[in-house]
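In case you want the letters, here they are:
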Amino acid sequence: MIVLRPASIFLLAFLLASCTDSRKEKGWKQVWSDEFEYSGLPDSTKWDYDVGGHGWGNNELQYYTRADTNNAVVRNGRLMITLRKQLKDTNQYTSARLISKHKGDWLYGRIEVKAKLPAGKGVWPAIWMLPTDWVYGSWPMSGEIDIMEAVNTGAAGGNAVYGSIHYGPAWPNNQHQTAGFTPSSSVADNFHTYAMEWDPAEIRMYVDGNQYARYSNWWTPNGGYPAPFNQRFHWVLNVAVGGNWPGNPDGATSFPQRMEIDWVRVFRKQ
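Read on for a plain summary of the structure. Source: prediction; values computed, not measured.

Residue placement: Y162 occurs in strand β12 (residues 161-167). With 96 residues separating them in the primary sequence, Y162 and R66 have C-alpha atoms 27 Å apart. Apart from residues no more than four positions distant in its own chain, Y162 is found in contact with D146, I147, M148, E149, T178, A179, G180, Y212 and W245.

Listed below in structure tokens is the structure:
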């Protein structure tokens with residue numbers, strides 16, 4: 001057990017206050033969050049579920065369950081999304097995909113998540129956003145914002161995370177922009193803060209305060225710049241397995257695998 005002395009407690013409080021003050025100085029005000037200071041299923045006033053096992057457009061292998069604490073539970077101040085090797089219908093794996101649609105929908109702002117990621121060949125955690133209203137048509141014409149994706153962490157993917165935007169004409173002529181970042185410490189063993197700042201002119205990606213991507217040029221047919229990123233989007237939090245990007249697990253991948261989320265927060269400019 002670690003015992004904090006008074007001086008240490010004062011220093012911790014100072015650092016937390018400094019972080020908050022820094023955001024205030026930049027004009028950000030927190031308007032929504034889930035700090036996960038409760039136990040049981042995720043807060044139903046903030047979160048719903050995407051459910052099913054049809055591959056999700058990427059030939060993924062998991063079945064996403066609804067309100068199942070085996071796959072999504074809040075415990076010890078953290079949201080746990082757990083990928084299990086477990087038969088469900090014709091799928092060999094189960095997981096959860098949480099969404100905030102119609103419960104937390106945002107147009108512009110700063111989005112932050114503090115998370116520790118799962119690892120292994122074929123494992124694909126994601127913290128991202130989808131359009132709530134699909135104003136410009138089906139995917140990707142109404143857009144997609146990926147705040148953090150990681151594939152094959154600790155295996156072929158090493159320690160890299162990625163931030164992307166998707167837009168443009170219908171598949172297979174769809175467009176995307178992607179950048180990667182490798183933190184100095186393991187994303188599977190340590191918590192890192194993944195953030196996105198979004199305004200009418202730019203989308204910027206950060207890890208632990210380090211900006212590694214800036215997107216300022218996109219276009220959707222019949223929408224025109226800044227479409228499609230001038231509409232409200234909602235959270236998506238999930239752990240997938242297999243699929244076109246990471247490939248399938250191999251014998252070295254152990255299960256269960258878990259993404260732990262300390263908090264999610266939304267800020268808006270004053």
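On to the pairing of strand β6 (residues 91-95), then. With four of its five residues buried, β6 lies for the most part within the structure. With three bridges connecting them, strand β3 (residues 62-64) and β6 associate as parallel partners. From the neighbouring strand, Y63 faces β6, where its bridge partner is T94. Across three bridges, strand β5 (residues 78-88) lies against β6 in antiparallel orientation. In the sheet register, K85 faces β6, and the bridge partner there is Y93. In textbook terms, the turn of a hairpin is the stretch between consecutive antiparallel strands, and for β5 and β6 this stretch comprises two residues, one of which, D89, has a positive phi near 55°.

Right, let's get into the pattern of salt bridges. What the rule picks out here adds up to 13 salt bridges. For R232, the salt bridge identified is with D133, shortest N-O distance 2.7 Å. A residue pair is termed long-range when its members are at least 10 positions apart, and R232 in the loop between β16 (210-215) and β17 (233-241) and D133 in the loop between β10 (123-131) and β11 (144-149) qualify at 99 residues. Overall, the relative accessible area of 33% leaves R232 in the partly exposed class. R204 is the salt-bridge partner of E197, the closest N and O atoms lying 3.2 Å from each other. On the basis of relative accessible area, R204 is assigned to the buried category, the value being 12%.

The next subject is the pairing of β10. Within β10, nine of the nine residues are buried, leaving the element largely enclosed by the surrounding structure. Side chains V123, P125, I127, M129 and P131 project from β10 onto one buried face, and the interleaved W124, A126, W128 and L130 project onto a second face that is buried too. As paired strands, β10 and β17 are joined by nine bridges and run antiparallel to one another. When the bridges of β17 are listed, P125 appears paired with V239. Of the pairings in the sheet, the one linking β10 to β11 comprises four bridges and is antiparallel in character. Within β11, the position partnered with M129 by the bridge is I145.

All right, on to a nonpolar patch on the surface then. A contiguous nonpolar surface patch, about 360 Å² in accessible area, is contributed by W134, W139 and W171. Inspection of the secondary structure puts W139 in the loop between β10 and β11.

Each value, and the rule that gives it
Residues numbered from 1 in each chain as written. Predicted model: local features only at pLDDT ≥ 70, side-chain atom pairs only at ≥ 80, totals over all residues. Heavy atoms only, no water. Helix = DSSP H or I, 4+ residues; strand = E, 2+ residues; numbered from the N terminus. Contact = heavy atoms within 4.5 Å. Buried < 20%, exposed > 50% of the residue type's maximum accessible area, 1.4 Å probe, protein only. Pairing = 2+ DSSP bridges. Salt bridge = Lys/Arg side-chain N within 4 Å of Asp/Glu carboxyl O. Patch = residues over 30% accessible without salt bridge, like charges linked within 9 Å, V, L, I, M, F, W, Y side chains within 5 Å. Areas by Shrake-Rupley, 256 points an atom, 1.4 Å probe, with all protein chains shown as cover.

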